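Residues per chain are reported as follows:
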Amino acid sequence: MRRLRRLAHLVLFCPFSKGLQQGRLPGLRVKYVFLVWLGIFAGSWLAYVNYSSYTELCRGHVCQVVICDQYRKGIISGSICQDLCSLHKVEWRTCLSSAPGQQVYSGLWQGKEVTIKCGIEESLNSEDRLGAGPRRELVLFDKPTRGTSMKEFREMTLSFLKANLGDLPSLPALVGQVLLMADFNKDSRVSLAEAKSVWALLQHNEFLLLLSLRKEHAARLLGCCGDLYVTEGVPHSSWLGAALPPVLRPLLPPALLRALQQWLGPAWPWRAKIAIGLLEFVEDLFHGAHGTFYMCETTLANVGYTAQYDFRMADLQQVAPEAAVRRFLQGRRCQRSEDCTYGHDCRAPCDRLMRRCKGDLLQPNLAKVCALLREYLLPGAPHDLREELGSQLRTCTTLSGLASQVEAHHSLVLSHLKTLLWKKISNTKYS
């Protein structure tokens, strides 16, 4: 009897089950086809976005065409012009540009890894860029004009530096350094083409800073042609996100990035050595021979280091002279502090009664750097150091930008931090 019931059950339900399975298969196939199509569409879209971004950001060929055109016409000069335009000994490699107007490439020159930097006019953003390129000489290489004497060029350079760095007693020496560098062919005279080239280079904020700051904290300048210049190779990045494609960076949670940073980044003693170099850089910005400078984008993406773990500032574009920041803020109308922001994070308070920006920044360089170091140094720090280091970094982040506090407290806090870190790694292989 039990067998008859099972047989009846099989007869009644098996055909229905079979039909159900047959009906389900087409639905599954549609789902798989849809998922495959969606994957292809998403992949194609990402490829298109990356390609569009690359073609917009990476226009090194335009730079080279324009620079070499000016060189062959005798309008500009430079120490690497012949290798770049005639002998083709400068090899352009990976595009590192983050903005269309500032072209950055890794490269190879004279057997060394180098970084190639060149500016392109922001207006060159259409299909007629190449046709408009040679007209750059009318804008960029227009000074000095024919007939300008050496004395006039010296005064012109001094006035420019005063406007950008402030009226400092050290500027005449810096002018002498600029004129010495302008003699690219070392014939003890500055030609009109050499003067035009060095004047164009001075318009680049980073180039001006390379002349003004101590050499050990930034990549060494190796050569130039017109306003194109070559520095030492790209330093290693302390920010893991720099190695990721731009499209993927927002998709990763910050907590995961921090964990990967700790696992895959340099060992803690090496990080301490890099941090000491960063603190020395902050000290140099505050007590520099050619005035005070502000870091207006404080991120790990700008903290680089050499193969020996010596600190190198990866990007000086967001470091601004105090005179330039004050000129921007002076008399600026505002409703809130956000309206008084120079660059990314150089922010001054807003006087709501007068509705004008004040001159002092809310945070000095050191406070912003200490906030960065809390994320960079505290994970993985030795147990006997963590509490004191955390306390000093917290104190440091509370520094304000008021002139009355910066001078004394700033120097004291910075000195304590450097001493604390140096004691931990001195007399070891990490020092």
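Description of the structure in this document.

Right, let's get into the sheet that holds strand β9 (residues 311-313). The strands making up a sheet associate through backbone hydrogen bonding, with each pair oriented either parallel or antiparallel. In spatial order, the strands read β6-β8-β9; together these 3 strands make up an open sheet with antiparallel pairing. Two strands lie at the open edges of the sheet, namely β6 (236-237) and β9, each paired on one side alone. One ladder, built from 3 bridges, connects strand β8 (residues 303-305) with β9; its direction is antiparallel. Considered in β9, the bridge of tyrosine 305 is made with phenylalanine 311.

As a further point, take unusual backbone geometry. Of note, the bond from lysine 143 into proline 144 is cis; its omega dihedral lies within 30 degrees of zero at -10°. Note on placement: proline 144 falls in the loop between α4 (129-132) and α5 (150-165). The phi dihedral of histidine 88 is positive, around 55°, even though this residue is not glycine. Tracing the chain through its elements places histidine 88 in the loop between α3 (81-86) and β1 (91-95).

Attention shifts here to the environment of leucine 161. Mapped onto the fold, leucine 161 is located in helix α5. Residues leucine 161 and leucine 174, 13 residues apart in the sequence, show an inter-C-alpha distance of 8.6 Å. When neighbours within four sequence positions are excluded, leucine 161 is seen to be in contact with Gly166, Leu171, Leu174, Val175 and Leu208.

Reading across the sheet, the 5 strands line up as β1-β2-β3-β5-β4 and stay open at both edges, with antiparallel pairing between neighbours. Bordering the open sheet on either side are β1 and β4 (221-225), each of which pairs with just one other strand. Across the sheet, the axes of successive neighbouring strands diverge by a mean angle of 30°, strand direction being ignored. Two elements, strand β3 (residues 112-119) and strand β5 (residues 228-232), share 4 bridges in a ladder whose sense is antiparallel. When the sheet's bridge partners are listed, threonine 115 is paired in β5 with threonine 231. Along the sheet, helix α8 (residues 205-212) makes contact with β3, β4 and β5, crossing β5 at roughly 50°.

The rules behind each value
- Residues numbered from 1 in each chain as written.
- Predicted model: local features only at pLDDT ≥ 70, side-chain atom pairs only at ≥ 80, totals over all residues.
- Heavy atoms only, no water.
- Pairing = 2+ DSSP bridges.
- Helix = DSSP H or I, 4+ residues; strand = E, 2+ residues; numbered from the N terminus.
- Contact = heavy atoms within 4.5 Å.
- Axes fitted to C-alpha atoms, helices over the stretch in contact; angles between N-to-C directions.

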